[in-house]
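Commentary on secondary and tertiary structure
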Amino acid sequence: LRTATRVLVRVGRFKAYNRDGFTQKLGALDWDAYLSPNAATPLRVTVNASKSALYHTGMLKELVGTALSKYGTVLTSTEWSEERPPGSVLPGEQHIVVNLHRDLVAVSIDSSGIPLRERLYRSGLPARMPLKENFAAAMHMMSPALSEDQTCVDPFCGTGTLLIEGALIAARRAPGLVRLELGRAFAFSDWPVLDGGSSSTFSAAVSLAREEQLPAPSTKRYFGSDKDPMIVASAQKACVAAGVSDWVDVSCRPLSDAVFPSTRSGLVITNPPFGPRADKAAKLRPLYAAFGSVLRERAQGWNVSVLTPQATTNKMLFAKVGISGAFSEPFNISGRRHQVFQANVATERAPRSNASARKAHPPSATSTGAAEAGVGAGAGAEADTGAGAGALGTLTSRKNDAEMREAAIKPSGPAANEAERSPSPKVEKCT
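Notes on the structure in this doc start here. (Residues numbered from 1 in each chain as written. Predicted model: local features only at pLDDT ≥ 70, side-chain atom pairs only at ≥ 80, totals over all residues. Heavy atoms only, no water.)

1. Examining the overall build of the protein
- Each helix and strand in the protein was counted, giving 13 helices and 15 strands.
- With 431 residues in all, the protein has 44% of them scored as buried.
- Taking the contacts inside the protein whose residues are at least 6 apart along the sequence as the reference set, 79% of them involve residues at least 24 apart.
- With the model as given, the accessible surface of the protein reaches about 21,400 Å², and the carbon-plus-sulfur share is 52%. (Helix = DSSP H or I, 4+ residues; strand = E, 2+ residues; numbered from the N terminus. Buried < 20%, exposed > 50% of the residue type's maximum accessible area, 1.4 Å probe, protein only. Contact = heavy atoms within 4.5 Å. Areas by Shrake-Rupley, 256 points an atom, 1.4 Å probe, with all protein chains shown as cover.)

Below, the structure written as structure tokens:
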């Protein structure tokens, strides 16, 4: 599971109308399969309640502790600290999730332990790594697949998360294997139910996953670069820890020297710098313009997939890139709205300035009114987001700023009559 955060196993469901009924029915579930009696297991409990007579989550956690007192002790909020933030799960702990809706109670136990998105190949690295591993995998799964003779490039690779997740997919290397090889088991490894035949079944599954891995290619297929030497060193260590150092090449170089293998096309996938405020965005405009120039000069025919926060200033930055493409519907990452920009680098020249566009197409009175009125929202284009990546949604067709101005301006004379008979398609204005 490359894009999941955790896997919950349903322990049971029941109806509860009061505290006594909740405690009695919860304790009557088959906990012996998941928890060892008298083992004093630390229990982390998450409770969600909606439209229920039992709505006080603090009280419900206490009732869970009462019902499961023979299996362990429920962790309290006072046991969290800056070193141990709420929501974290340590080895040896079990995470129980209780959801109440009206009178129906659903009880589950977390089989994962630490979140599945934490592959652990980035553990101990000093650099900041904001992009989650499972979302990096989702970006690859929604992007055009690479054939065996194609390559992947990230010119703003940072610590290499996008490159590593792409290489893991190409190598058919299960992300859970990285976790096991680095000495961190799953939470279900401590369940009593695995003392029987289930343990041998899990061992067989691990062996099968190792057998399905592909050998390293004769030449590396994933290329990344960053201008910060410390960040590059962290990326190289992460590649070794993930077992994909034979697939990925990371070097310290500026954007202008980014590696694009000349003999093979492929995918440019990246999470470039962005500016949440207009003043920062203004400073980044030359960088995004240079990014567009590099794509047009060295990535003709390549597909492009770029992560960006949802903000008007960031769409203005993509207008500087000068590549026509599509933005996904917004989705949440760590509480912030983001989008993915996708395109194919066609043979095209750089976008013209506003002055040159007006000179080439002098507006008439009719075209001036059309330009002031703007253009409407266009038809959407469906994109297969892959398993677990549905949050990326439907792509909406967008055009860059220069193209939209040209679409809104109607030439005068006979060409204007021809344009009236052939209306231009509508697109959503991206300014």
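2. Here's the deal with the environment of C239
- Within the secondary structure, C239 sits in helix α7 (residues 229-242).
- When the C-alpha positions of C239 and D249 are compared, they lie 8.8 Å apart, and in sequence the two are ten residues distant.
- Once residues lying within four places of it in the same chain are set aside, the contact partners of C239 are I164, V244, S245, V248 and V250.

3. Notes on the pattern of salt bridges
- This model, assessed by the stated rule, comprises five salt bridges.
- One salt bridge connects R119 with E165, and the closest N-O pair in it is separated by 3.1 Å. Here E165 lies in helix α4 (residues 161-170) and R119 lies in the loop between β5 (104-110) and α3 (133-142), a separation of 46 residues in the sequence. Note on accessibility: R119 and E165 belong to one class, buried.
- Because the salt bridges share partners, they merge into one network encompassing R173, E181 and R210. (Salt bridge = Lys/Arg side-chain N within 4 Å of Asp/Glu carboxyl O.)

4. Quick notes on the sheet that holds strand β2 (residues 41-50)
- Spatial ordering of the open sheet is given by β1-β5-β4-β2-β3, a layout of five strands whose pairing is mixed. The two strands at the open ends of the sheet, each matched to only one other strand, are β1 (8-15) and β3 (72-74). Averaged over neighbouring strand pairs, the angle between their axes works out to 25 degrees when direction is ignored.
- One ladder, built from eight bridges, connects β2 with strand β4 (residues 94-101); its direction is parallel. Pairing of S50 across the sheet is with H101, part of β4.
- Sitting on the sheet, helix α1 (residues 19-27) touches β1, β4 and β5, and the angle it makes with β1 is about 135 degrees.
- Running at roughly 140 degrees to β2, helix α2 (residues 57-67) makes contact with β2, β3 and β4 of the sheet. (Pairing = 2+ DSSP bridges. Axes fitted to C-alpha atoms, helices over the stretch in contact; angles between N-to-C directions.)

5. Considerations on the pairing of strand β10 (residues 303-309)
- Counting buried positions over the seven residues of β10 gives six, a clear majority of the element.
- Across four bridges, strand β9 (residues 266-270) lies against β10 in parallel orientation. When the bridges of β10 are listed, T270 appears paired with V306.
- Bridge count between β10 and strand β13 (residues 336-344): seven bridges; the pairing is antiparallel. Within the sheet, the bridge partner assigned to T308 lies in β13 and is Q339.

6. Quick word on unusual backbone geometry
- Despite not being glycine, R102 shows a phi value in the positive range, around 60 degrees.
- Tracing the backbone shows R102 in the loop between β4 and β5.
- R102 gets classed as partly exposed once you look at its relative accessible area, which sits at 47%.
- Positive phi outside glycine occurs at L120, with the angle close to 80 degrees.

7. A look at the environment of G166
- Counting through the fold element by element, G166 comes out in helix α4.
- The class of G166 is buried, set by a relative accessible area of 3%.
- Linking G166 and M141, residues 25 residues apart in sequence, is a C-alpha distance of 8.8 Å.
- Residues in contact with G166, not counting those within four places in the same chain, are H140 and Y222.

8. Looking at the packing of α3 against α4
- Between α3 and α4, the least distance of the axes is 9 Å, while the angle of their chain directions is 65 degrees. Once α3 is placed against α4, the crossing between them reads as right-handed. Seen from α3, the contacting residues are E133, A136, A137, M139, H140 and M141; seen from α4, they are T161, L162, E165, G166 and I169.
- In terms of residue class, the contact of α3 with α4 is built from six nonpolar, three polar and two charged. (Left-handed = near helix turned anticlockwise from the far one by under 90°. Nonpolar A, V, L, I, M, F, W, Y, C, P; charged D, E, K, R; others polar.)

9. Regarding the packing of α1 against α2
- At their nearest, the axes of α1 and α2 sit 9 Å apart, and the two run at 45 degrees to each other. The angle between α1 and α2 places the two elements in the oblique class. Note that α1 runs across α2; the crossing there is right-handed. The segment α1 lies against α2, with R19, F22, T23, L26 and G27 engaging M59, L60, L63, V64, T66 and A67.
- Taken together, the residues of the contact of α1 with α2 break down into seven nonpolar, three polar and one charged. (Parallel < 35°, antiparallel > 145°, perpendicular 65-115°, else oblique.)

10. Some points on α2
- If you check which residues of α2 are buried, you get L60, L63, V64, G65 and A67.
- For α2, the elements touching its buried residues are α1, β2, β3 and β4.

11. Re the nonpolar core
- Core analysis: the largest hydrophobic core is formed by 33 residues, its most contacted members being I164, Y222, V244, W247, V248, V250 and L307.
- Those elements that place two or more of their residues in this core are α3, α4, α7, β8 (248-252), β9 and β12 (331-333).
- The element that contributes the greatest number of residues to this core is α4, accounting for six residues.
- Leave out the neighbours within four places in its chain, and Y222 touches H140, L146, C152, L163, G166, A167, A170, W247, V248 and D249.
- Within the second largest apolar cluster, 32 residues are counted, among which are A16, V74, V98 and L116. (Core = buried A, V, L, I, M, F, W, Y, C linked by side-chain atoms within 4.5 Å.)

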